[in-house]
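# Observations on the three-dimensional arrangement
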Amino acid sequence: MRFDWRAISGPALTTITASAAFLLDRLVVAVPNPAPLFVCIVALASSISGITSGLISAAIAVAASALFFLDHRALPGYDTADVARMLMLAATAAGTAVITGMLRQKWIDAFAADQQHHATAERLAAALDQVDIGIVLLDADTRAEFINRAFRDYFALSDAQAESKPPFVALMYHGRDTGAFELPEDELSAFIAERIAMMRAGDSTPINLNLADGQVLRFSCTALPDGGRMLSYTPVTDLVRHTDDPAKADEYRAQRAGRERRLARLLRAAE
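Just so it is clear, the structure is predicted and the values come from calculations on it, not from any experiment.

## Comments concerning the nonpolar core
Formed by 29 residues in total, the largest nonpolar core has its most connected members in Val 136, Ile 147, Phe 151, Phe 155, Phe 168, Leu 231 and Tyr 233. Those elements that place two or more of their residues in this core are β1 (134–138), β2 (144–147), α5 (149–154), α7 (168–177), α8 (185–201), β3 (207–210), β4 (216–223) and β5 (229–235). Counting residues per element, this core draws most heavily on α8, at 6 residues. Excluding residues within four positions of it along the chain, Ile 147 makes contact with Ile 135, Val 136, Arg 152, Leu 157, Ala 162, Pro 166 and Leu 171. Core analysis: the second largest hydrophobic core is formed by 8 residues, Leu 128, Ile 135, Leu 137 and Phe 146 among them.

## So, the packing of aromatic side chains
Tallied over the full model, the rule gives 7 aromatic pairs. Note on Phe 151 and Phe 155: the rings are 4.7 Å apart at their centroids and 35 degrees apart in plane angle, and the pair reads as tilted. Pair check on accessibility: Phe 151 and Phe 155 agree, each one buried. Feature note: the residues Phe 151, Phe 155, Phe 181, Phe 191, Phe 219 and Tyr 233 constitute an aromatic cluster, connected by ring pairs.

## Things to note about a nonpolar patch on the surface
Taken together, the side chains of Leu 23, Leu 24, Leu 27, Val 28 and Val 29 present a nonpolar region at the surface, about 520 Å² in accessible area. The topology assignment puts Leu 23 in helix α1 (residues 5–28). You can call Leu 23 exposed: its relative accessible area is 53%.

## Quick word on the packing of α7 against α8
Following both chains from N to C, one finds α7 and α8 inclined at 150 degrees, their axes separated by 10 Å at the closest point. Overall, the two elements α7 and α8 adopt an arrangement that is roughly antiparallel. Here the hand of the crossing between α7 and α8 comes out right-handed. Mapping the contact onto sequence places Phe 168, Val 169, Met 172, Tyr 173 and Arg 176 in α7 and Leu 188, Phe 191, Ile 192, Arg 195, Ile 196, Met 199 and Arg 200 in α8. Its residues assigned to classes, the contact of α7 with α8 shows 9 nonpolar, no polar and 3 charged.

## Considering the packing of α1 against helix α2 (residues 35–49)
Look at α1 against α2: their axes get within 8 Å of each other, and the N-to-C directions meet at 170 degrees. Between α1 and α2, the angle is such that the two are roughly antiparallel. Taking contact as the criterion, the partners of Arg 6, Ala 7, Ser 9, Gly 10, Leu 13, Thr 14, Thr 17 and Ala 18 in α1 are, on α2, Leu 37, Phe 38, Ile 41, Leu 44, Ala 45, Ile 48 and Ser 49. Considered class by class, the residues forming the contact of α1 with α2 number 9 nonpolar, 5 polar and 1 charged.

The rules behind the values
- Residues numbered from 1 in each chain as written.
- Predicted model: local features only at pLDDT ≥ 70, side-chain atom pairs only at ≥ 80, totals over all residues.
- Heavy atoms only, no water.
- Core = buried A, V, L, I, M, F, W, Y, C linked by side-chain atoms within 4.5 Å.
- Buried < 20%, exposed > 50% of the residue type's maximum accessible area, 1.4 Å probe, protein only.
- Helix = DSSP H or I, 4+ residues; strand = E, 2+ residues; numbered from the N terminus.
- Contact = heavy atoms within 4.5 Å.
- Phe/Tyr/Trp six-rings, centres within 6.5 Å; stacked < 30°, edge-to-face > 60°.
- Patch = residues over 30% accessible without salt bridge, like charges linked within 9 Å, V, L, I, M, F, W, Y side chains within 5 Å.
- Areas by Shrake-Rupley, 256 points an atom, 1.4 Å probe, with all protein chains shown as cover.
- Salt bridge = Lys/Arg side-chain N within 4 Å of Asp/Glu carboxyl O.
- Axes fitted to C-alpha atoms, helices over the stretch in contact; angles between N-to-C directions.
- Parallel < 35°, antiparallel > 145°, perpendicular 65-115°, else oblique.
- Left-handed = near helix turned anticlockwise from the far one by under 90°.
- Nonpolar A, V, L, I, M, F, W, Y, C, P; charged D, E, K, R; others polar.

Okay, structure coming up:
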């Protein structure tokens, strides 16, 4: 059976403090009312182990205070002021135990939810790294919060560059500088400006990007509820082969577009 030191630390510390106060008061020097110290110990007990430990510590504190006050008068017993002080201590200690314990539980729940959200985000990121569609998630300031493996491969983006959260403008100029786009140099500036304008406007009209290595990517922008953007780069080079019926080209592209929409819904649900 595992020993839970947290559960008994508060009651044990309260008992030790009360015992030390008694011994000092009886054998060394008169000790003032230790009630404020008891309240601090109750708060510590609740923060470490929860409401139960705090309430037990509060009960020990009240009982110890009752014994402490018993012999602090000319005649043994309690007067009205003693009873009032003990009642105030009981209310304060119990309230401290409950409030601190509730705050502790709220913090634990929030931490668990954050851990679960983080784990879900990691699984989603790992899943998106397995697809052949390039995915870029931009925040409201158009900085890349996530860039999946496919996009990094298509545009020769190093892991260090991807994890530095570059703005979308920097990604476009990286593609230009590495010669990723199959465009004349004098058309690149206008092309980049148009892509940036489409992204900022949240224009979801898909367009094809011809890469220098012969691949064709279908670029699509999806506006997200938080003001960010999801950019998808779907490979469409092999969608319509020479042996396929050209009349069905739109159907093949629509099938791939459906995958983009499913990814968008998945990302919205994960937020």
